[in-house]
Amino acid sequence: MENKSIDYVKYIFLDYDGTIIENAESEFLKEYFTLLSKKSGIEFNQLLRLVMSSVEESIKNTANDKNIFEKFSIAISQNSGKPREYWVKLFYDFYETEFDQLSKIVKPKKELIELMRKTDKKLIFASNPLFPKIATYKRIKFAGLEPEMFLYVAHMENSTYAKPNPMFFKEIMAKLSLSPDECVMIGDTEFDMACEKVGIRFIHINEAEKWKQVF
């Protein structure tokens, strides 16, 4: 049965940190907040707490009338006492400029990327949507890939939910009219395993013999 299910996979959902790239999310975020702290003039730990608590609030807010970026900008404005416009400008300026420096720390998972380039399966970028489109597209390029390689790229501005909420996967499937038995998710954390709650098979990045068959 397992081989049959692999034969019927048409869509491959892929995580980024720890999957498409070998870097753990914690490594990327440390460098990210170092740069953002310099840009904003806000002390590292203070900024880290402010941003991460605001991210957490926006993820827990499951109202479907706003995307995650809107939820986040409202939360960080309320938590900091600074207007939304201040934060939106700061983040977009940062993603336009200093953010590019993060490319030097990225270690692409070459074996996986080679298969991604060769496959005729449809690829879906299913990293947690905690960056807006401009930054998400740059992260894809940091790994030596192009956004156009993906049928769909999840980011803050087109997502209502984030992992581990299984609605993150359900929303993508609904947008693309996908059936879960046509899909597989390759990732590295329990957050990615939430796909199983909506019927998508999960393969851990360490299970190389399994994901190689999928492509």
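Let us look at the structure shown here. Quick caveat: nothing in here was measured; it's all calculated off a predicted structure.

Below, the discussion takes up the overall build of the chain. In terms of helices and strands, the chain carries 10 helices and 5 strands. The C-alpha atoms of the chain give 17 Å as radius of gyration, which agrees with the globular expectation for 215 residues (17 Å, within 12%). Referenced to the eigenvectors of the C-alpha coordinate spread, the extents of the chain come out at roughly 55 × 35 × 25 Å. Within the chain, the proportion of its 215 residues that are buried is 49%. Partitioning the contacts of the chain with sequence separation of at least 6, the portion at a separation of at least 24 is 69%. Carbon and sulfur atoms make up 50% of the accessible area of the chain, which totals about 10,500 Å². Charged side chains of the chain number 31 positive and 33 negative; the gap between the two group centres comes to 2 Å.

Attention shifts here to the packing of helix 3 (residues 44-60) against helix 4 (residues 68-80). Helix 4 packs onto helix 3 with a crossing angle of 130° between their chain directions and a minimal axis gap of 8 Å. Relative to helix 4, the element helix 3 lies oblique. The element helix 3 and its partner helix 4 pack so that their crossing is right-handed. Contacts between helix 3 and helix 4 involve Leu50, Val51, Ser53, Ser54, Val55, Glu57 and Ser58 from the former and Ile68, Lys71, Phe72, Ala75, Ile76, Asn79 and Ser80 from the latter. Residues belonging to the contact of helix 3 with helix 4 are distributed by class as follows: 7 nonpolar, 5 polar and 2 charged.

Next up on the list: helix 8 (residues 167-176). When helix 8 is considered as a whole, its buried residues turn out to be Phe168, Phe169, Glu171, Ile172 and Met173. Turning to helix 8, the residues buried within the fold contact strand 1 (11-14), strand 2 (122-125), strand 3 (150-153), strand 4 (183-187) and helix 9 (190-193). Of the residues one or two after helix 8, Ser177 is the one with positive phi, at around 55°.

Turning our attention to the packing of aromatic side chains. Counted according to the given criterion, the structure contains 22 aromatic pairs. On the numbers, 5.5 Å between centres and 85° between planes, the contact of Tyr32 with Phe94 is edge-to-face. Highlighted residues: Tyr32 in helix 2 (residues 25-40) and Phe94 in helix 5 (residues 84-96), separated in sequence by 62 residues. When sorted by exposure, Tyr32 lands in the same class as Phe94, which is buried. Ring plane angle 90° and centroid distance 5.0 Å describe the contact between Tyr95 and Phe99, whose orientation is recorded as edge-to-face.

This part is about helix 2. Count 3.6 residues to each turn of an α-helix, and residues three or four apart come out pointing the same way. In a regular helix each residue adds 1.5 Å, so 16 residues correspond to 22 Å; helix 2 covers 22 Å between its end C-alpha atoms and thus fits that length. Inspection of helix 2 places Phe28, Leu29, Tyr32, Phe33, Leu35, Leu36, Ser37 and Ser40 among the buried residues, and these make up the whole buried set. On the buried face of helix 2, the contacting elements are helix 3, helix 5 and helix 7 (133-142). Gly41 lies just past helix 2 and shows a positive phi near 75°.

Conventions used here
Residues numbered from 1 in each chain as written. Predicted model: local features only at pLDDT ≥ 70, side-chain atom pairs only at ≥ 80, totals over all residues. Heavy atoms only, no water. Helix = DSSP H or I, 4+ residues; strand = E, 2+ residues; numbered from the N terminus. Rg over C-alpha atoms; globule rule 2.2 N^0.38 Å. Buried < 20%, exposed > 50% of the residue type's maximum accessible area, 1.4 Å probe, protein only. Contact = heavy atoms within 4.5 Å. Areas by Shrake-Rupley, 256 points an atom, 1.4 Å probe, with all protein chains shown as cover. Lys, Arg positive; Asp, Glu negative; His and termini not counted. Charge placed at Lys NZ, Arg CZ, Asp CG, Glu CD. Axes fitted to C-alpha atoms, helices over the stretch in contact; angles between N-to-C directions. Parallel < 35°, antiparallel > 145°, perpendicular 65-115°, else oblique. Left-handed = near helix turned anticlockwise from the far one by under 90°. Nonpolar A, V, L, I, M, F, W, Y, C, P; charged D, E, K, R; others polar. Phe/Tyr/Trp six-rings, centres within 6.5 Å; stacked < 30°, edge-to-face > 60°. Expected span 1.5 Å × (residues − 1).

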